[in-house]
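# Coordinate inspection notes
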Amino acid sequence: GDSVTQMEGPVTLSEEAFLTINCTYTATGYPSLFWYVQYPGEGLQLLLKATKADDKGSNKGFEATYRKETTSFHLEKGSVQVSDSAVYFCALSASGTYKYIFGTGTRLKVLA
Amino acid sequence: DAGVTQSPTHLIKTRGQQVTLRCSPISGHKSVSWYQQVLGQGPQFIFQYYEKEERGRGNFPDRFSARQFPNYSSELNVNALLLGDSALYLCASSFAASSYNEQFFGPGTRLTVL
């Protein structure tokens with residue numbers, strides 16, 4: 001079945017460091033891919049999305065490129081801030097379905 | 001514009017009881033989905049409703065049921081609660097029931113079963 005695999009956390013970085021959170025997926029067809037962020041005590045917020053191969057989603061300095069050949073959608077940011085500390089979820093929505101399939105989440109902690 | 005709203009925020013129940021969770025979608029959105037997020041894990045899909053009809057169901061027992069009302073709000077019911085039902089229940093709305101449509105999530109209802 002369809003699935004999403006994320007790198008395990010927690011990931012601890014110093015402010016202004018480069019961030020990569022790996023995400024790979026398994027799906028039939030051409031899924032849409034998403035990154036959501038969850039701050040402590042809050043619901044999920046969409047960070048970025050890509051709906052077809054080679055699309056690059058970007059928002060708030062975060063980027064991810066839909067790589068069909070490697071079935072990946074890695075999240076990157078060039079310079080993290082303390083305020084980026086949160087849990088990040090990679091998700092897919094397979095074509096022809098309505099549900100999102102989420103990864104287990106990666107906790108990011110950024111130290112000043 | 002208001003986002004997705006859920007009520008109540010927190011709920012404490014005992015095993016065997018029944019619970020009803022409520023969700024109001026973003027104005028204009030016709031699709032509502034429910035997810036269960038157990039601590040430390042990603043959300044798991046429970047149901048999706050579109051135009052008051054069930055469009056999808058996840059791998060959850062029949063103790064879980066839901067419905068959508070004419071104003072597109074939705075309720076999730078869980079009967080015969082088990083300790084393992086303790087989780088954050090998230091509601092998400094989208095304009096239509098399509099894999100391309102972004103889902104907007106509410107803040108969730110934290111259910112604790114004792």
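Our structure's up above, just so we're on the same page.
Described in the following lines is the structure provided in the data block. (Residues numbered from 1 in each chain as written. Chains lettered and ligands numbered in written order. Predicted model: local features only at pLDDT ≥ 70, side-chain atom pairs only at ≥ 80, totals over all residues. Heavy atoms only, no water.)

## Some points on the overall build of chain B
Across its full length, chain B holds zero helices and eleven strands. For chain B, the α and β elements follow one another from N to C terminus as β-β-β-β-β-β-β-β-β-β-β. The C-alpha radius of gyration of chain B comes to 13 Å, within 12% of the 13 Å expected for a compact globule of 114 residues. Seen through its principal axes, chain B has C-alpha atoms that stretch 35 × 25 × 25 Å. Contacts in chain B between residues at least 24 apart in sequence constitute 53% of all its contacts with a sequence separation of at least 6. (Helix = DSSP H or I, 4+ residues; strand = E, 2+ residues; numbered from the N terminus. Rg over C-alpha atoms; globule rule 2.2 N^0.38 Å. Contact = heavy atoms within 4.5 Å.)

## A word on the state of the cysteines
In a disulfide, the sulfur atoms of two cysteines are held together by a covalent bond. Residues and elements named next belong to chain A. Across all of its chains, the model carries two disulfides over all chains by this definition. Here Cys 23 is linked by a disulfide to Cys 90, with a sulfur-sulfur distance of 2.0 Å. Judged by the torsion about the S-S bond (-70°), the Cys 23/Cys 90 disulfide is left-handed. With Cys 23 in strand β4 (residues 23-26) and Cys 90 in strand β10 (residues 86-93), the pair connects residues that are 67 residues apart, well separated along the chain. (Disulfide = S-S within 2.5 Å.)

## Remarks on the environment of Ser 31 of chain B
Along the chain, Ser 31 of chain B turns up in strand β4 (residues 31-37). Polar contacts involving the side chain of Ser 31 of chain B include one to the side chain of Gln 48 of chain B, which spans 3.0 Å. (Polar contact = N/O pair within 3.5 Å; in protein donor to acceptor, adjacent residues only side chain to side chain.)

## Observations concerning the sheet that holds strand β7 (residues 64-68) of chain B
Residue and element names in this part refer to chain B. Strand order across the open sheet formed by four strands is β1-β3-β8-β7, with antiparallel pairing between neighbours. The outermost strands of the open sheet, each flanked by one partner alone, are β1 (5-7) and β7. For this sheet the average axis-to-axis angle between neighbouring strands, irrespective of direction, equals 15°. (Pairing = 2+ DSSP bridges. Axes fitted to C-alpha atoms, helices over the stretch in contact; angles between N-to-C directions.)

## Here we look at the environment of Thr 106 of chain A
Residue and element names in this part refer to chain A. Here Thr 106 is to be found in strand β12 (residues 106-111). Engagement of the side chain of Thr 106 in a polar contact is seen with the side chain of Gln 6, the distance being 3.0 Å. At a separation of 2.7 Å, a polar atom in the side chain of Thr 106 contacts the main-chain carbonyl oxygen of Met 7.

## So, unusual backbone geometry
Cis geometry is found at the peptide bond from Gly 9 of chain A to Pro 10 of chain A, where omega equals 0°. Relative to the assigned elements, Pro 10 of chain A resides in the loop between β1 (3-6) and β2 (11-14). A cis amide bond, omega -10°, links Ser 7 of chain B with the succeeding residue Pro 8 of chain B. By secondary structure assignment, the location of Pro 8 of chain B is in the loop between β1 and β2 (10-13). Even without a glycine there, the phi angle at Lys 60 of chain A is positive, about 55°. When you line up the elements, Lys 60 of chain A lands in the loop between β7 (56-59) and β8 (62-65).

## So, the sheet that holds strand β9 (residues 75-77) of chain A
Strand pairing within a sheet occurs via backbone hydrogen bonds; the two strands may be parallel or antiparallel. All names here are of chain A. Read across the sheet, four strands follow the order β3-β9-β8-β7 without closing on themselves; strand pairing throughout is antiparallel. Only two strands of the sheet have a single partner each, and these edge strands are β3 (19-21) and β7. Each strand of the sheet is rotated relative to its neighbour by a mean of 15°, with strand direction disregarded. Judged from the three bridges that link them, β3 and β9 form a sheet pairing that is antiparallel. Bridging across to β9, Ile 21 finds its partner in Leu 75.

## Side note on the pairing of strand β6 (residues 53-57) of chain B
Looking along a regular strand, one sees side chains alternate from face to face of the sheet. One ladder, built from four bridges, connects strand β5 (residues 44-50) of chain B with β6 of chain B; its direction is antiparallel. When the bridges of β6 of chain B are listed, Phe 47 of chain B appears paired with Arg 57 of chain B.

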